[in-house]
Structure formats: C-alpha cells, structure tokens
Amino acid sequence: MNSQPHSISMVNLVRQYQRYQTEIDAAMGSVLEVGDFIQGNAVKELESDLCQHLSVKHTITCGNGTDALQLAFMALDLPQGCEVIIPSFAYAALAEVVLLLGFVPVFAEVDPHTYLIDPDDIARKITEKTKAIAPVHLFGLVCNMDAILEIAQNRGLYVVEDAAQAIGAFYRGEKFQGFAGTLGTVGTTSFFPSKNLGCYGDGGAVFCSSDSLALIIRQLANHGQSSKYIHDIVGVNSRLDTLQAAVLRVKLKHLEAFNRARAGIADRYCAGLKELVDEGNLVLPQSNPKMENGSTKLSHVFHQFTLRLTVHEKREAFRQFLAQAAVPTMVYYPLPLHRQKAYFQSVGLTITENLCNSVLSLPICPELSVEEQDYIIATIVDFFKK
Ligand SMILES: *Cc1c(COP(=O)(O)O)cnc(C)c1O
C-alpha cells in the first residue's frame, strides 16, 4: 500500500492563497481603502497588464467567461439563424450563447489525439449560412489555428476563440503565432476560481485587435452606453469587480510559473505512467515539446490532465478504485453537447462520443506536491497491476 497523503483535491485554491497571502491581502486592502469597487483603477490596470502579457491590443474585462463569449458574438452583429461551427466535445457555455443569441450551433468532430476541433470537419460543415467558427482550446492546448484561420480567411468567416482553459498557452504555427485568445477575430477567457488564472468569484475577459470591435464590446458590457446615461445600443451589465481585478493582477505575475508547474506535473504523470501506455492500458495527452532555441513559451498549459482508457468499460471501476484511495478524478465531459437535452441534434460524432465514454481527468494544479503526484501515479499503476 502506498502511504496516503493528507488530502488531495482536483484544485487547491486555499493552498495557493496561503502561498501568496501577503501580496493578495495587500492588493485587496488597497481597493477597500479607496472604495472604487466598480470599474476602479485595478480594472484598468489589469486590462493593460493583460494586453502587455498576451501581446494583444485590446482587453475588455467582464462578469464571467460566458458573458465574454456573449459579448464577443453580440459585437459581431451576426444575422439571426446563421450557423456557428463549434465542437461538441466541450463545455456548454459556447452552445448556450450561440442558441441564446438566435444562431444555430453546428457541431464539428474533434481530433482523437488532441481532443480539439478538427479543421477538416469544420470545412465539411460550412454552408452558405455559416458566419463564424468558434474553436475551444480545450484542457489548455491551442487548436490548429493555422488550418482554422486559413479556412476562415478563404470563406470570409469570423473566428471566436474560447480560451477559458488556455490562458497563457502560446501557439507556434507555420503561419500564425500568438497566445491563445489573440489569434482570431475575437477571443475570450474566464477567471473562474479554478481556471489557470482565477479570481475569488466570477470574472472574464474579451480580447481583440480591432479598435472598432473593442469599442462596441466595451459599450455592450456597460448597458450600451457611449457615455454616462447615453445608450446607443442595447447592451448588458457585465463588469469585473475591482476587488477581483486586484487579485488577478497579483496572480497574473505568477501565471507563467503556474503554467510551468502544471506542465511539469503533466511531464511527471507521463513519465510515471509510460509503462501503462506501452502495455496498451492508457492513452496520455501530448506533452509540451522540448523547448527549442531558448523559447520558454508553453504550447499546452494543462488546465486539465486528461487521459483515456483504452477499454472504456473499465473507467467506472478505475474511478472507484482511485476514489477509495482518496484520489479524486473528474470526467470532462460525460455527455457531448449534441446529446444534451438542451442542445440535442441527431448527428453522428463517433470520436466525440467515444471520448466522452473513455476520458478521465487527474488532479492538476500548481500546488499539487511531488509526493501527491507520485502517490497518484503509484495508485494508478496498482489498479492495472492488481
Ligand atoms: C469555464 C469555461 C467557460 C465559462 O466560463 P465562466 O466564467 O464559468 O462563465 C467557457 N468555456 C470554457 C471552455 C470553459 O472552460
């Protein structure tokens, strides 16, 4: 029996707070002392910090990652009934926003190795009604943006990137290079507490390079106002609290270190589980390639470490075995979007359905200790050796 660490969780936000408590308390304290709780100074500073960090011209913060998607699509002003191509193997926010705004989600298949939307299937699903492609950089890895942007350029389509799980991931394509969320027409992210850059409540942001689009997004997020009490368009109320911005400014300084810690854990999992891959029990996510020419930018920031069981019928027993050894796991995601009651479509997406039946995500967060990682690896090995 492996000696069991005190307690392992998927994400350990308390441990992270304790580590940066002095900095975070000071940042929050200075907001409390000034009292600029709505659209305060820290919000403007965070937006400018993010622009600099991600090399993007405009950052507009907002209430959460789902609002960020909604604001992005509202700003594009697409016609009712138009089609937006999205993955079905993803979190629901994107499908929800597309439907709420009166557009039709068209579900595309994903690549079985990267779990990311497949550009060939995007190309197959384009019709004369298609107006936008919305790739999701799932689990921290950036989609094949060279191919997606080429399709979009050739067909005159918008690209809305959902980078809620991939902030800080860098795409190094043959034709396009840049951070997740800054490559398409418009990009979004979420600051939900468990995301790679998380605050202590809800938060989100939209990124774009177009001045006119940025202006509209900013107006939309603030009741469509062009100036105080002058409403030019119908907007929403979606703002990031100044207190959350203050927390995020502290954490943004550590984002690279957080992401590198995540990538390090992924490497340790991959090394420790290699035998199970060779024996045909598990399929592991692709890890970061060894850094060339001194570059330290990560292409995969491992929001999740998601493996696949080759015999999917074993997943439930595997999960229970790990749970009994106090190793929590999660299935991201158990039911594809096209099979959900809310978004149902009778399309065949075999790869997506197989993934939903066979994936399992392990605990991964910068605060997971080496002892905990090794205990998780040993417990997994035990399951297959027993
Ligand atoms: C978390 C997440 C969202 C939604 O973000 P919220 O801030 O919770 O609204 C959207 N898309 C993806 C892929 C996510 O992981």
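Anything mentioned here points back to the structure above.
Residues numbered from 1 in each chain as written. Predicted model: local features only at pLDDT ≥ 70, side-chain atom pairs only at ≥ 80, totals over all residues. Heavy atoms only, no water.

### A short note on the pattern of salt bridges
Then comes step 1: Counted under the stated rule, the structure contains 13 salt bridges.
Then comes step 2: With a closest N to O distance of 3.1 Å, Arg-218 and Glu-47 form a salt bridge. Placement of Arg-218 in helix α7 (residues 211-221) and of Glu-47 in helix α2 (residues 41-54) is noted, with a sequence separation of 171 residues between them.
Then comes step 3: Glu-353 is the salt-bridge partner of Arg-339, the closest N and O atoms lying 3.2 Å from each other. Here Arg-339, found in the loop between α11 (315-324) and α12 (350-358), pairs with Glu-353, found in helix α12; they are 14 residues apart in sequence, far enough to count as distant.
Then comes step 4: A network of salt bridges, in which partner residues are shared, links Glu-45, Asp-49 and Arg-249. (Salt bridge = Lys/Arg side-chain N within 4 Å of Asp/Glu carboxyl O. Helix = DSSP H or I, 4+ residues; strand = E, 2+ residues; numbered from the N terminus.)

### Let's talk about the sheet that holds strand β2 (residues 83-87)
Adjacent strands of a sheet pair through backbone hydrogen bonds, lying either parallel or antiparallel.
Then comes step 1: Spatially, seven strands are ordered β1-β9-β8-β5-β4-β2-β3 in an open sheet, and the strand pairing comes out mixed. Looking along the sheet, the strands with just one partner apiece sit at the ends: β1 (58-62) and β3 (104-108). Neighbour to neighbour, the strand axes of the sheet diverge by 25° on average, direction disregarded.
Then comes step 2: Bridging between β1 and strand β9 (residues 204-208) involves five bridges; their strand directions are antiparallel. Each bridged residue has a counterpart across the sheet, and for Thr-61 the counterpart in β9 is Ala-205.
Then comes step 3: Its contacts with the sheet put helix α3 (residues 65-76) on β1, β2, β4 (130-133), β5 (158-162), β8 (186-190) and β9, and the angle it makes with β8 is roughly 165°. (Pairing = 2+ DSSP bridges. Axes fitted to C-alpha atoms, helices over the stretch in contact; angles between N-to-C directions. Contact = heavy atoms within 4.5 Å.)

Scope: geometric values only; no functional claims are made or implied.
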